[in-house]
Every structure is written in structure tokens, then in C-alpha cells.
Amino acid sequence: MNFFKLQKKIFYNLIIFFFLIPEPVNSLEIGGIAKVIDGDTIIIDKKKIRLFGIDAPELSQYCKKPWIQFNFITLYKKYNCGLVAKEKLKKIISKNKIKCEGEKYDRYKRLIAICYKKKLDLNNWMVKNGLAVNYTKYSKKYISSEIQAKREKLGLWKGQFDKPWEWRKKNK
């Protein structure tokens, strides 16, 4: 191979290399003791964080769970599922240090992030336990956890509920 062909090949490979390298992502990390606002929002060091890919019931949202069952008839009882989601998140976090990793902010200036208690993905934990649903409008990351919670009838999936985005639309 002559020198000019080699230079040309190197030049084309460099061009391809530079176009295939993804742009660097400005990953943001926030860590510390978290204050739980609701089932999908926390605050660490005065910074609001929205849990990525999930949607938990609103604090004023009520759902229904089985109360009494007779053969084929089930009577349901209303309960504040938004408050339950908040309290369960609060309990799992307790006073542990939480680390959140995100890349962008939403229109309310909250960091959209995946948050961890040690190695436990809290976003996934909420969905897996039926305390929140996968927010399919923004991500499909937690769909398998939602399917599992639904199959096992955990949390929200024990009874009847409106998906949080549907509830918000009806109750604006």
C-alpha cells in the first residue's frame, strides 16, 4: 500500500470515528439525606429530584382495595394510595444517604434522576412493590417490574386505581 492510500484510509477512519463518538453527557449526581415530598419526588440539599421513569399516585389521590369478598362479589374500600406511596418511600429511605444520578431538569426545575440507597434502585423498588407505575410517556425502563407487581397483585394492583396521569387529568 502506498503512502497516499494509507493517509487517505487513516483520514476516512478518523472522520468515521469522530462522527460515531456520542456527545458527552453532563451527568449530575446529588447525594445526601433525602426528604420525601411524595411517592416520586424527594429533596436533597434543597434540590428537588423527580424519580425518573415512574409515576406515583398524587397525595390527594384515593384508590380502592378489596375489603370483603363473598364468592364472586368483592366490596372495595377507599384508601389514600398517594399517602401510602409517600410513607413507604420514606420508610425504605429512612435516614440513609441517597445518591441520585440524572442528566436533565423538568419544567419545574427538578432533576430527573434514578436514586439509589446503596445499590438499591429506589425508582424500580417503588414500581416493583406496586407503589408507583412505569411512566411510559417518558420511559419503558420499569415495565418488567410493573408486570411483576401486577401479576403478584402488589400495592396498587391489589385493587382498582387510576393511573396517576389519568387521575391528574380528571382532577385539574
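Scroll up to find the structure.
This report concerns the structure included in the present document.

The rules behind these values
- Along every chain, residues carry numbers that run from 1 in the direction the sequence is written.
- Where totals are concerned, whole chains, interfaces and linings use all residues; where local detail is concerned, this predicted model gives features only for residues with pLDDT of at least 70, and gives and counts side-chain atom pairs only at 80 or more.
- Side-chain measures were taken over the full set of non-hydrogen atoms in the model, leaving aside hydrogen atoms and water.
- Per the convention used, a helix needs a DSSP run of H or I reaching at least four residues, while a strand needs a run of E reaching at least two, with both numbered from the N terminus.
- Think of it in three bands: residues with accessible area under 20% of the maximum for their type are buried, residues over 50% are exposed, and the middle band is partly exposed, with areas taken using a 1.4 Å probe on protein chains only.
- Residues are treated as being in contact if the distance between any of their heavy atoms lies within 4.5 Å.
- Arc definition: it is the arc formed by the directions from the helix axis to the C-beta atoms.
- Like charges are joined within 9 Å and nonpolar side chains (Val, Leu, Ile, Met, Phe, Trp, Tyr) within 5 Å, but only among residues with over 30% relative accessible area and no salt bridge; these make up the patches.
- Calculation of accessible area relied on Shrake-Rupley with a 1.4 Å probe; when residues are assessed, cover is drawn exclusively from the protein chains displayed.
- Only one rule defines a salt bridge in this text: a Lys or Arg side-chain nitrogen within 4 Å of an Asp or Glu carboxyl oxygen.
- Neither His nor the chain termini are counted; the positive set is Lys and Arg, and the negative set is Asp and Glu.
- For the purpose of locating charges, the reference atoms are NZ of Lys, CZ of Arg, CG of Asp and CD of Glu.
- Between N or O atoms, a polar contact is any pair within 3.5 Å; within protein, one atom must be a potential hydrogen donor and the other a potential acceptor, and residues adjacent in sequence are included only when both atoms are from side chains.
- Only buried Ala, Val, Leu, Ile, Met, Phe, Trp, Tyr and Cys residues count toward a nonpolar core, and they belong to the same one when joined by side-chain atoms within 4.5 Å.

1. Here's the deal with the overall build of the protein chain
Then comes step 1: A count of helices and strands for the protein chain gives 5 helices and 10 strands.
Then comes step 2: Each of the 172 residues in the protein chain was classed as buried or not, and the buried ones make up 36%.
Then comes step 3: In the protein chain, 55% of the contacts between residues at least 6 apart in sequence involve partners at least 24 apart.

2. Describing helix H4 (residues 143-151)
Then comes step 1: Buried within H4 are the following residues: Ser-145, Glu-146 and Ala-149. Summarising the axial view, the buried residues of H4 lie within an arc of 100°, below the 170-degree limit, and thus occupy one face. More than 90 degrees from the buried face of H4, the exposed residues found are Ser-144 and Arg-151.
Then comes step 2: Backbone geometry just after H4 places Lys-153 at a positive phi near 55°.

3. Looking at a positive patch on the surface
Then comes step 1: Together, Lys-65, Lys-77, Lys-88, Lys-91 and Lys-158 make up a region of like positive charge exposed at the surface.
Then comes step 2: By the element assignment, Lys-65 lies in strand E5 (residues 63-70).

4. A look at the environment of Asn-96
Then comes step 1: Inspection of the secondary structure assignment puts Asn-96 in the loop between helix H2 (81-93) and strand E7 (97-105).
Then comes step 2: Note on Asn-96: relative accessible area 28%, which makes it partly exposed.
Then comes step 3: Placed 62 residues apart in sequence, Asn-96 and Ala-34 show a C-alpha to C-alpha distance of 8.0 Å.
Then comes step 4: Once you skip the residues sitting within four places of it in the chain, Asn-96 turns out to touch Gly-32, Ile-33 and Lys-117.
Then comes step 5: In terms of polar contacts, Asn-96 uses its side chain to reach the backbone carbonyl oxygen of Ile-93, at 2.9 Å.

5. Overview of the nonpolar core
Then comes step 1: Within the largest apolar cluster, 26 residues are counted, with the highest numbers of intra-cluster contacts made by Ile-42, Ile-49, Ile-93, Ile-98 and Cys-115.
Then comes step 2: Every element with two or more residues in this core is listed here: strand E1 (28-38), strand E2 (41-44), strand E3 (47-51), H2, E7, strand E8 (111-117) and helix H3 (122-128).
Then comes step 3: Other than its neighbours up to four places away in sequence, Ile-93 contacts Ala-34, Val-36, Ile-42, Ile-98 and Leu-122.
Then comes step 4: The next biggest cluster of nonpolar side chains, apart from the first, holds 8 residues, and it includes Tyr-79, Cys-81, Leu-156 and Phe-161.

6. Quick look at the side chain of Gln-61
Then comes step 1: By the element assignment, Gln-61 lies in the loop between strand E4 (54-55) and E5.
Then comes step 2: Excluding its chain neighbours within four sequence positions, the residues that come into contact with Gln-61 are Tyr-79, Asn-80, Cys-81, Gly-82, Asp-162, Pro-164 and Trp-167.

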